[in-house]
Amino acid sequence: SKGRLVIAVDGPAASGKGTLARRLAAHYAMPYLDTGLLYRMVARAVLEAGHDIRDAEAAGAIVSTFDESAFAEDSLRGREIGEAASVVAAMPAVRSGLIARQRRFAAQSGGAVLDGRDIGTVICPQARAKLFVTATPEVRAARRHKELAGRGEAATFEGILADIRRRDARDSGRSDAPLKAADDAVILDTSALTIEEAVAKAIAIVDARRAG
Ligand code: CDP
Ligand code: CDP
């Protein structure tokens, strides 16, 4: 098939979608957008302005005015901000306010790789290649536990597993753009895969879509 290559990578928390999406972007020399960071920025801005994280009116106002360059990525990767991001991500005004910038990114002439929850279903339903990355909650909790320990954030495995289950339920259960695989997505379960194995499988899937 012809035309630009857009790769949509979706999946639940700590499934490995970000690692895969970054590696795919490097492999195909395309720009990459981590859309989870946008929701994390909105959550951070709502909290910094002193609002309750459940205040949909405040979040809706912030989403139309916030300045992406004001946030350092590392400060957005913490445990609490991921939780807060999933709360604002259930608000229709927040989701709709972030659609245009994601679609603009995807429309670049050289193609693009985007990762998130709704890239293949809502943001880029025409994407040529769609991956839905999964792993068991236990494997994802172990990965996130290790990652947070590396950041110096102390947390128990059990606590992180509970976080992950709660976030899965919130992301899958919301009515606006719930987490789910697009009909034409290829499911990639990384539970038993190393990063290198997962990357090799993902490249094979994308190459098949490019050829097909
Ligand atoms: O890296 P991790 O999967 O833990 O989180 P993330 O991708 O940074 O996303 C944080 C939260 O933002 C998720 O739990 C979702 O609620 C929300 N999100 C979303 O709703 N749609 C997206 N396209 C990306 C993230
Ligand atoms: O973006 P998402 O939250 O889905 O996950 P990630 O940030 O790509 O991966 C979460 C953690 O799991 C990272 O520390 C990765 O290095 C690790 N990982 C892994 O151990 N094995 C994989 N197959 C994929 C990721």
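Structural data are supplied above this passage.
In every chain, residue numbers begin from 1 and rise along the written sequence. The order in which chains are written sets their letters, starting at A; the order in which ligands are written sets their numbers, starting at 1. With the structure being a predicted model, the display of local features is reserved for residues of pLDDT at least 70 and the display and counting of side-chain atom pairs for 80 or more, all residues being used for whole-chain, interface and lining totals. Water and hydrogen atoms were dropped before computing side-chain values, which therefore reflect all heavy atoms in the structure.

## Here's the deal with the site of ligand 2
Part 1 of the argument: Proximity criterion: a residue is near a molecule or strand once any of its heavy atoms comes within 4 Å of it. Near ligand 2, the surroundings consist of 13 residues, among which A14, K17, G18, T19 and R144 are the closest.
Part 2 of the argument: Polar contacts here mean pairs of N or O atoms no more than 3.5 Å apart (in protein, one a potential hydrogen donor and the other a potential acceptor; neighbouring residues in sequence count only if both atoms are side-chain atoms). One of the backbone nitrogen or oxygen atoms of G16 is found 3.0 Å away from an oxygen atom of ligand 2.
Part 3 of the argument: For ligand 2, an oxygen atom lies 2.8 Å from a polar atom in the side chain of R144.
Part 4 of the argument: Out of a free accessible area of 540 Å², ligand 2 has 76% covered by protein chains.
Part 5 of the argument: Only helix 1 (17-28) and helix 7 (137-150) provide two or more residues apiece to the shell around ligand 2. Only the protein chains shown count as cover for residues, and the accessible areas themselves come from Shrake-Rupley with a 1.4 Å probe. Think of it this way: any DSSP run of H or I at least four residues long counts as a helix, any run of E at least two long counts as a strand, and we number them from the N terminus.

## Regarding the site of ligand 1
Part 1 of the argument: Around ligand 1, a shell composed of 18 residues is seen, among which K17, R40, R144, R167 and D171 lie nearest.
Part 2 of the argument: Separating a nitrogen atom of ligand 1 from a side-chain N or O atom of T35 is a distance of 2.9 Å.
Part 3 of the argument: Separating an oxygen atom of ligand 1 from a side-chain N or O atom of R95 is a distance of 2.7 Å.
Part 4 of the argument: Protein chains shield 97% of the accessible area of ligand 1, which is 530 Å² for the free molecule.
Part 5 of the argument: Only helix 2 (36-48), helix 4 (79-88) and helix 8 (157-173) provide two or more residues apiece to the shell around ligand 1.
Part 6 of the argument: If one sorts the elements of the shell around ligand 1 by residue count, helix 2 sits on top with three residues.
Part 7 of the argument: Three residue categories are used. Nonpolar comprises Ala, Val, Leu, Ile, Met, Phe, Trp, Tyr, Cys and Pro, charged comprises Asp, Glu, Lys and Arg, and polar comprises the others, including Gly. For the shell around ligand 1, a count of residues per class yields five nonpolar, four polar and nine charged.

## What about the packing of helix 2 against helix 4?
Part 1 of the argument: Axis geometry follows a simple rule: fit a line to the C-alpha atoms, using only the stretch in contact for helices, then measure angles between N-to-C directions, giving values from 0 to 180 degrees. In the contact formed by helix 2 and helix 4, the axes pass within 8 Å of each other and the chain directions differ by 95 degrees. In this view, helix 2 runs roughly perpendicular relative to helix 4, as classed from their interaxial angle. Contacts between helix 2 and helix 4 pair Y39, R40, V42, A43, R44 and L47 from the former with I81, G82, A84, A85 and V88 from the latter.
Part 2 of the argument: Its residues assigned to classes, the contact of helix 2 with helix 4 shows eight nonpolar, one polar and two charged. Any angle between 65 and 115 degrees counts as roughly perpendicular, while under 35 counts as roughly parallel, over 145 as roughly antiparallel, and the rest as oblique. Contact criterion: two residues are considered in contact whenever any of their non-hydrogen atoms come within 4.5 Å of each other.

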